[in-house]
Amino acid sequence: MSRPARRPSRRPRARAARGDSVAGRRFEAEIGPVAHGGHCVARVEDRVVFVRHALPGERVVVEITEGTEGDRFWRGDAVEVLTPAPDRVPAPCPYAGPGLCGGCDLQHVTLPAQRRLKAEVVREQLRRLAGIDVDVSVEAVPGDEDGLHWRTRQRYVPLPGGGRGMRKHRSHDVVPVEACLLEAPAGPSYVVRGVAFEVADGGFWQVHPGAPEALVDAVLAALDPRPGESALDLYAGVGLFSRFLSEALGPTGRVAAVEGDRAASALSERNCPGVTAVPGDVASVLATGLPAAWSRADLVVLDPPRAGAKRAVVEQVVARGPRAVAYVACDPAALARDVAIFAEHGYRLVTLRAFDLFPMTHHVECVALLTP
């Protein structure tokens, strides 16, 4: 659970122009369904437009922010709302909105509606990429204040003269700000279930104060670990899941924590007495870096970076024949793609829980249980 670069700022990819730019052009449009990535879908001149700051069912004025005449799709902002949706509210932050800070996607939406939209995105990704229909509801997690003041680690862009700012969406441009309303008044606590975890400066730790305990509870409930079993904790970070898996499996059980960041792996040894910490790339370690005794495992925890575990890791997991796999996902599209690979090998999605660990943004965390 260490990945320092797990949630990098997104930057537009450089690509060849396909005609004249349409940035700045405005159109009236009916807003369609929510889509993965913090926007909704609309159609303008027979072309798909991914629109931020809108809600399904609204009629808005869209200003195109990216696109050329030859592109298959454009990006845009809802700069004027002609027919608002019932779930629209004024954004609590003065820096949220078209052309302003790009950190929040959903400040114009009530919290219950934010969670419904996120649930729909998870359902749609699983339906489209894994071919399965799943009932999803996104759960609130204690630790924020009506969706604000939860981010225990915050980075600003330093400005000349001592000021600070935040970047615009898909841009290097900076918006000067006094403060971010998502920032928590206190820093992170490394204490989970009464256990203090050591984390390196700059190392990854969940930024919502309620996230570590909520995820540990969900993973343990999904796996139902039994004394004496063996467990692999993949992308283990500083050992959050390993610590409590080891306690649940007891003195006759065993846990191996595999983590690519060597500093985090070293800390997992200190945080998790009795756990075998294995540093190295997860796919490589699974292929050649574990003793023969780990050719089988009863339980597996997968907590990969945003891109997902991917085929090489998934196939190494199923080759070990676990009775249960708990997959912790910060990206529903990557989760769905990996669930489809598991399905090829006879593992089915049994349960799925989703958590609102990033209110006011489009991000959502899922814990999926897969069994043969």
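Below you will find a few notes about this structure.

Cut-offs used in this document
Residues numbered from 1 in each chain as written. Predicted model: local features only at pLDDT ≥ 70, side-chain atom pairs only at ≥ 80, totals over all residues. Heavy atoms only, no water. Core = buried A, V, L, I, M, F, W, Y, C linked by side-chain atoms within 4.5 Å. Buried < 20%, exposed > 50% of the residue type's maximum accessible area, 1.4 Å probe, protein only. Helix = DSSP H or I, 4+ residues; strand = E, 2+ residues; numbered from the N terminus. Salt bridge = Lys/Arg side-chain N within 4 Å of Asp/Glu carboxyl O. Phe/Tyr/Trp six-rings, centres within 6.5 Å; stacked < 30°, edge-to-face > 60°. Lys NZ or Arg CZ within 6 Å of the ring centre and 35° of its normal. Contact = heavy atoms within 4.5 Å. Pairing = 2+ DSSP bridges.

A closer look at the nonpolar core
Item 1. Formed by 54 residues in total, the largest nonpolar core has its most connected members in V219, L223, L240, F241, F244 and L245.
Item 2. Of all the secondary-structure elements, those providing two or more residues to this core are β9 (174–177), α2 (211–223), α3 (240–249), β13 (254–259), α4 (262–271), β15 (299–302), β16 (324–329) and β18 (365–371).
Item 3. At nine residues, the largest contribution of residues to this core is made by α2.
Item 4. Membership of the second largest hydrophobic core comes to 41 residues, among which are Y235, V313, V314 and A354.

Focus: the pattern of salt bridges
Once their charged atoms are close, side chains differing in charge can pair, the charge on each being opposite to the other.
Item 1. Per the stated rule, a full pass over the model turns up 22 salt bridges.
Item 2. Of the charged contacts, one joins R59 and E28 as a salt bridge, the two residues approaching to 3.2 Å between their closest N and O atoms. Taken as a pair, R59 in strand β4 (residues 59–66) and E28 in strand β1 (residues 26–35) lie far apart in primary sequence, 31 residues in all.
Item 3. The exposure class assigned to R59 is partly exposed, which follows from its relative accessible area of 26%.
Item 4. Put simply, E229 and R323 hold a salt bridge, and the shortest N to O gap is 2.7 Å. With E229 in the loop between α2 and β12 (230–234) and R323 in the loop between α6 (310–319) and β16, the pair connects residues that are 94 residues apart, well separated along the chain.
Item 5. Assessed through its relative accessible area of 9%, E229 is described here as buried.
Item 6. Ionic contacts of the salt-bridge type, sharing partners, join the residues E120, R123, R127 and D133 into one network.

Regarding the packing of aromatic side chains
The way to describe two aromatic rings as a pair is by their centre distance and the angle between their planes.
Item 1. Applying the stated criterion across every chain yields a total of seven aromatic pairs.
Item 2. Between F50 and F73 the ring centres are 5.3 Å apart and the planes differ by 70°, which places this aromatic pair in the edge-to-face class. Pair noted here: F50 is in strand β3 (residues 47–52) and F73 is in strand β5 (residues 73–83), with a separation of 23 residues, a long-range link.
Item 3. A relative accessible area of 31% places F73 in the partly exposed class.
Item 4. Counting every residue linked through ring pairs, the aromatic cluster contains Y190, F197, W205 and F244.
Item 5. The side chain of R193 reaches across the aromatic face of F244, ending 5.5 Å from its centre.
Item 6. The ring of W294 carries R254 above its face, with NZ or CZ at 4.2 Å from the centroid.

Focus on the environment of E178
Item 1. Locating E178 in the fold gives a position in the loop between β9 and β10 (191–192).
Item 2. With a relative accessible area of 68%, E178 lands in the exposed category.
Item 3. Here the alpha-carbon distance between E178 and V314, two residues 136 residues apart in the chain, equals 45 Å.
Item 4. Once residues lying within four places of it in the same chain are set aside, the contact partners of E178 are Y95 and R164.

Considering the pairing of β3
Within a regular strand, the side chains alternate between the two sheet faces.
Item 1. Among the six residues in β3, five count as buried, and that is most of the element.
Item 2. In the sheet, strand β2 (residues 39–44) pairs with β3 via five bridges, with the strands oriented antiparallel. Bridging across to β3, C40 finds its partner in V51.
Item 3. Counting the residues between successive antiparallel strands, the hairpin from β2 to β3 contains two residues, one of them, E45, with a positive phi of roughly 50°.
Item 4. As judged from the five bridges shared by β3 and β5, these two strands associate in the parallel manner. Of the residues in β5, the one forming a bridge with R52 is D77.

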